[in-house]
Amino acid sequence: MAGKKRLAILISGRGSNMVAIARALKRGKIPNAEIAVVLSNKPDAAGLKKAQQMGLETLCISHKDFHTREDFDRRIVEELRKRRVDLVCLAGFMRILSPYFINQYRNQIMNIHPALLPSFPGMQAQKDALEHGVKYSGCTVHFVSEDVDAGPIIIQKVVPVRDDDDADTLAARILRQEHKIYAEAIRLFTEDRLEVRGRRVFWKKKP
Ligand code: GRF
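Each chain has its residues counted from 1, running along the sequence as written. The model is predicted, so local features are restricted to residues of pLDDT at least 70 and side-chain atom pairs to those at 80 or more, both for listing and for counting; the totals for chains, interfaces and linings are taken over all residues. As a rule here, side-chain values come from all non-hydrogen atoms in the structure, and water together with hydrogens is ignored.

Digging into a positive patch on the surface
Patches in this entry comprise residues that are over 30% relatively accessible and not in a salt bridge; like charges within 9 Å are linked, as are nonpolar side chains (Val, Leu, Ile, Met, Phe, Trp, Tyr) within 5 Å. In short, Shrake-Rupley with a 1.4 Å probe defines the accessible areas, and a residue's cover is counted only from the protein chains shown. Salt-bridge detection follows one rule: a side-chain nitrogen of Lys or Arg within 4 Å of a carboxyl oxygen of Asp or Glu. The sign given to each residue is positive for Lys and Arg and negative for Asp and Glu; His and the chain ends receive no count. We put the charge of a Lys on NZ, of an Arg on CZ, of an Asp on CG and of a Glu on CD. Residues K157, R162, R176 and K180 make up a contiguous surface patch of positive charge. Structurally, the position occupied by R176 is in helix 6 (residues 167–190). Here a strand is any run of E in DSSP of at least two residues, a helix any run of H or I of at least four, and the numbering for each starts at the N terminus.

Below, the structure written as structure tokens:
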């Protein structure tokens with residue numbers, strides 16, 4: 001049997017998706033995977049401490065130490081290669097990746113977004129959805145392409161908007177589903193069950 005797929009989880013903040021993925025692994029829900037590293041571009045990211053407490057290897061590389069986006073990305077890719085990473089999971093990583101990075105890991109980089117893409121891309125997805133007046137929003141796990149929040153969609157989950165919601169209550173309801181679908185997308189990847197054809201991602205049946 002082939003070895004476990006090695007994950008890198010890239011964060012910039014509180015890291016709740018990272019924790020959900022690590023817990024899913026610990027509970028045996030993603031048996032073909034192991035976490036190689038949790039990497040942050042911010043030294044004060046709360047998620048770094050959480051990862052350490054869970055016994056995961058952590059690494060902080062500040063983007064501020066590099067002149068260009070690509071220089072920063074080259075350094076990250078170097079660290080990922082050292083650790084033989086198979087899948088890069090962006091989990092609240094607040095940096096746009098350069099074409100260099102994306103080409104190094106084509107269809108091996110996932111991101112989670114707190115809306116049903118292509119609706120409400122960007123930084124304030126939950127607030128934008130609420131202000132637009134949609135009755136349903138949700139979350140999306142997608143492969144990362146050169147266009148931000150626009151790569152092939154792997155999995156989505158619909159979440160209702162309630163009349164008394166504000167951006168925070170809606171974000172909290174969406175976040176609970178983010179934690180489920182990210183682990184699910186990773187499991188499918190680690191079972192070699194994701195097939196990308198153009199913009200579409202097909203889930204292959206279990207052999
Ligand atoms: C999540 O809402 C995710 O969808 C978005 O950034 C937030 C990260 O939260 N990309 P956390 O750091 O995983 O708690």
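Regarding the packing of helix 1 (residues 16–26) against helix 6
To obtain each axis, a line is fitted to C-alpha atoms, and for helices this fit is confined to the stretch in contact; angles are then taken between N-to-C directions over 0 to 180 degrees. Close contact between helix 1 and helix 6 brings their axes to 9 Å; oriented N to C, the two are set at 50°. The angle between the axes of helix 1 and helix 6 places the two elements in the oblique class. The element helix 1 and its partner helix 6 pack so that their crossing is right-handed. Where helix 1 abuts helix 6, its residues S16, N17, A20, I21 and A24 lie against L175, E178, H179, Y182, A183 and I186. Each residue is assigned to one of three groups, with Ala, Val, Leu, Ile, Met, Phe, Trp, Tyr, Cys and Pro labelled nonpolar, Asp, Glu, Lys and Arg labelled charged, and all others, Gly among them, labelled polar. In terms of residue class, the contact of helix 1 with helix 6 is made up of seven nonpolar, three polar and one charged. By definition in this entry, angles of less than 35 degrees are roughly parallel, angles greater than 145 are roughly antiparallel, angles of 65 to 115 are roughly perpendicular, and the rest are oblique. For any pair of crossing helices, the crossing counts as left-handed if the nearer helix is rotated counterclockwise from the farther one by less than a right angle, and right-handed if it is rotated clockwise. Whether two residues touch is decided by their heavy atoms; if any such pair falls within 4.5 Å, the residues are in contact.

A word on the site of the ligand
By convention in this text, a residue qualifies as near a molecule or strand provided that one of its non-hydrogen atoms is within 4 Å of it. Neighbouring the ligand are R14, G15, S16, N17, G92, I112, H113, P114 and E178. The side chain of S16 places a nitrogen or oxygen atom 2.6 Å from an oxygen atom of the ligand. Taken together, the elements giving at least two residues each to the shell around the ligand come down to helix 1 and strand 5 (109–113). Of the residues belonging to the shell around the ligand, the class tally is two nonpolar, five polar and two charged. Contacts described as polar in this section are N or O atom pairs within 3.5 Å, which, within protein, must combine one atom able to donate a hydrogen with one able to accept it, while residues neighboring in sequence count only if both atoms come from side chains.

A few points about the nonpolar core
The biggest cluster of nonpolar side chains holds 40 residues, and the ones touching the most others in it are I9, M110, V141, I154, Y182 and I186. Broken down by element, this core gets its largest block of residues, nine residues, from helix 6. Residue types Ala, Val, Leu, Ile, Met, Phe, Trp, Tyr and Cys, when buried and joined through side-chain atoms within 4.5 Å, form a set referred to as a nonpolar core. Relative accessibility under 20% of the residue-type maximum defines a buried residue, over 50% an exposed one, and the middle range a partly exposed one, all with a 1.4 Å probe and only protein chains included. Counting residues in hydrophobic clusters, the runner-up holds 22 residues, among them I76, V88, F101 and I109.

Observations concerning the pattern of salt bridges
Tallied over the full model, the rule gives 14 salt bridges. Residues K82 and E79 are paired through a salt bridge, measuring 3.2 Å at the closest nitrogen-oxygen approach. A residue pair is termed a helical-turn pair when its members lie 3 or 4 positions apart in one helix, as K82 and E79 do in helix 3 (residues 69–82) at three residues. You can call K82 exposed: its relative accessible area is 54%. Ionic pairing is found between E191 and R193, a salt bridge with its closest N-O pair at 2.9 Å. A relative accessible area of 12% means that R193 is categorised as buried. One salt-bridge network, in which partners are shared between bridges, spans E57, R75, E79, K82 and R83.

So, the pairing of strand 5
The side chains of a regular strand alternate, first on one face of the sheet and then on the other. Burial within strand 5 is extensive, with five of its five residues counted as buried. Going residue by residue along strand 5, you find I109, N111 and H113 tucked away on one face and M110 and I112 tucked away on the opposite face as well. Here a strand pair is declared whenever DSSP counts at least two bridges between the two strands. Two strands pair when backbone bridges link them, and strand 4 (residues 87–90) and strand 5 are joined in this way by three bridges, in the parallel orientation. Note that in strand 5 the partner of V88 across the bridge is I109. Seen with its strands pointing away from the viewer, a crossover is right-handed when the path leading from the first strand over the helix to the second is clockwise. Considered for its hand, the β-α-β crossover made up of strand 4, helix 4 (residues 99–104) and strand 5 is right-handed. One ladder, built from four bridges, connects strand 5 with strand 6 (residues 136–143); its direction is antiparallel. Considered in strand 6, the bridge of N111 is made with H142.

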